[in-house]
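Inside the fold
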Amino acid sequence: MSFYVSPGSWQRRCLVDLFQPGHVVKICAPMVRYSKLAFRSLVRKYDCELCFTPMIVASAFLRSGKARDSEFTTSCVDRPLVVQFAANRSQDLADAACIVSPFADGVDLNCGCPQRWAMAEGYGACLINKPELVQDMVRQVRNQVEYPNFSVSIKIRIHKDLARTVDLCRKVEATGISWITVHGRTTEERHQPVHYDTIKIIKENLNIPVVANGDIRSHKDIDYVHELTGIDGKDKMTLQWVAVASFLYAEIGFILFLCLPFISPRRWLKVFNFRLWEKIATYWNRAFLTIIVVLVVLFFDAIREVRKYSMSQAIGKTEKMLPNMYDHLNMKLFRAQRNLYISGFSLFLWLVLRRMITLISELAIAMGESQALQVQTDNTNNAAKRYMEENEELKKALTRGKDDGTKKLEEENNQLINNIKELKAELKKTTEALEKSKIEMASIKKQYDGLTREYDRLLQEHDKMQSLVDTTDKKSN
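Reference entry: report on the structure contained in this document.

Looking at the secondary structure, you find Leu 340 in helix H14 (residues 323-400). The spatial distance from the C-alpha of Leu 340 to the C-alpha of Glu 305 is 8.8 Å, given a sequence separation of 35 residues. Dropping the residues within four chain positions of it, Leu 340 is found in contact with Phe 299, Ala 302, Ile 303 and Val 306.

The next point concerns the state of the cysteines. What the rule picks out here adds up to zero disulfides. No disulfide involves Cys 51; its nearest neighbouring cysteine sulfur is the one of Cys 48, lying 3.7 Å away. Of all cysteine sulfurs, the one in Cys 126 lies closest to Cys 111, which takes part in no disulfide; the gap is 8.4 Å. Judged by its relative accessible area of 1%, Cys 111 falls in the buried class.

Once that is clear, we can look at the nonpolar core. In terms of nonpolar packing, the biggest core is built from 47 residues, with Phe 85, Leu 109, Ile 154, Ile 156 and Ile 180 touching the most fellow members. It is helix H7 (residues 162-174) that contributes the most residues to this core, five residues altogether. Sequence-distant contacts of Ile 154, defined by excluding residues within four places in its chain, comprise Asp 108, Leu 109, Cys 111, Val 134, Val 138, Val 172, Ile 177, Trp 179, Ile 180 and Thr 181. One finds Ile 255, Leu 333, Met 356 and Ile 357 within the second-largest nonpolar core, a separate group that totals 23 residues.

For the rest of this paragraph, the subject is helix H4 (residues 90-100). Looking only at H4, the buried set comprises Ser 90, Asp 92, Leu 93, Ala 94, Ala 96, Ala 97 and Val 100. The inward-facing, buried residues of H4 abut helix H2 (58-63), strand E6 (81-86), strand E7 (106-111) and helix H6 (131-144).

Of the two faces of strand E10 (residues 210-213), both are covered, the one formed by Val 210 and Ala 212 as well as the one formed by Val 211 and Asn 213. Bridge analysis of strand E9 (residues 179-183) against E10 gives four bridges, and the strand direction is parallel. From the neighbouring strand, His 183 faces E10, where its bridge partner is Asn 213. You can see the chain leave E9, run along helix H8 (residues 196-204) and come back into E10, and the turn it takes is right-handed.

Turning our eyes to something else, we now look at the pairing of strand E8 (residues 151-157). Across the seven residues of E8, seven count as buried, placing the element largely inside the fold. Here E8 runs beside E9; their pairing, made up of five bridges, is parallel. By the bridge assignment, Lys 155 is partnered in E9 with Thr 181. Following the chain from E8 across H7 to the adjacent parallel E9, one finds a crossover that is right-handed.

About the criteria used
- Throughout this document, residue positions are counted from 1 along each chain, in the order its sequence is written.
- Only residues with pLDDT of at least 70 are given local features in this predicted model, and only at 80 or more are side-chain atom pairs given and counted; all residues enter the totals for whole chains, interfaces and linings.
- Excluding hydrogens and water, the side-chain figures rest on all heavy atoms present in the structure.
- Put simply, DSSP marks the helices as runs of H or I at least four residues long and the strands as runs of E at least two long, and each gets a number from the N terminus on.
- The contact criterion used is simple: two residues touch if any of their non-hydrogen atoms lie within 4.5 Å.
- Here, two cysteine sulfur atoms that lie within 2.5 Å of each other are counted as a disulfide.
- Residue exposure (1.4 Å probe, protein chains only): buried if accessible area is under 20% of the type maximum, exposed if over 50%, otherwise partly exposed.
- Nine residue types can take part in a nonpolar core, namely buried Ala, Val, Leu, Ile, Met, Phe, Trp, Tyr and Cys, and a core is a set of them joined through side-chain atoms within 4.5 Å.
- Here, any two strands with at least 2 DSSP bridges between them count as paired.
- We call a crossover right-handed when, viewed with both strands directed away from the observer, the connection leading from the first strand over the helix to the second proceeds clockwise.

Pasting the structure below:
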């Protein structure tokens, strides 16, 4: 082995502290013939937080000093560092771990190498079928390495039966392992797509950190796998559903604020009449309809997700479905239902909020009109009271003057009766005189008619006499 500094000058740290909630640890995986000191020193300059050595066969490492010198080299800047071993015996792994423990921060047991020679020797991926042996290896390392912060981890591949993989991880977890690295392929798979959904299910069934491995070649791949598997152990909502949930809570708070009893509708109307609201009002309808459309789209998307994951209820555990996969689908269904409720309630409360604002405005206007009518009614009532008081005073005055006025009225009535009698007598005399006048007029008319006839006769005679005179004058001439 080659060491450039004494182990006592290194500051040992607990590698589990790297796995903080919400933080993705960037790890350089062990690669045959590549993960040597020079390569590790290079990748550490590019934000690599943890490096592994190439896989070292523990038995050969113990037997040969030449193997130790060629396979394991390190330096003062080569930290944190995990040494990966291939072993098929517990004591071999424990002894090798004790040798490297002063110069590294942990060891990793390779349970994922699919190469035929490794599996023929009892190394690598064949160990995923021997959970008891893996448990014993971890225990032996824990018991014999003297450094308490020294980490022990394993790297595995998955079974075709996911339940066996989860069972292996749970058994190893019980022995006090620091973390588990999962390569998301089976032993037979080489270049097929990585089963990231399986890594996610394994993580959800464990309480220790889980490292995702397989087909990660860039920072974009890291972000993609982190979002896909949730390997930090947190049940995180996507950004859109966080926004919808925040919008829902804001709606609830605003509705409760609108319902405060000591703020009257007329005060709210004054607030709504601010110039700022007048400017916003021009875009209010567009914003309202836009949010309605967004919430409806999210609502139908949540319905689609609920239908998609409701298949777990129909299939049941009796079908050819892994128990943990069934639980995973139930969890997906729960999240889809949660999103459905969030979007549905947001849509409902948004409509309620719009209606509440409209009703508050109408109520404030009605209250203003009611107050104006109340003032007008009060004025009318006051005027009526004054008129009633004046009427009462008039009645009292009439009551006081009733006795004196009665005598005067009787005298005036008697006088009027006498006057009526006199007028009737005069009317009778006048009627009689009128009758006499009519008779006299009739006689006068007869006389007039006689005089008229006499006048006509005299006029005829005058005409005759005149004609005779005219005739005589002509003859004389």
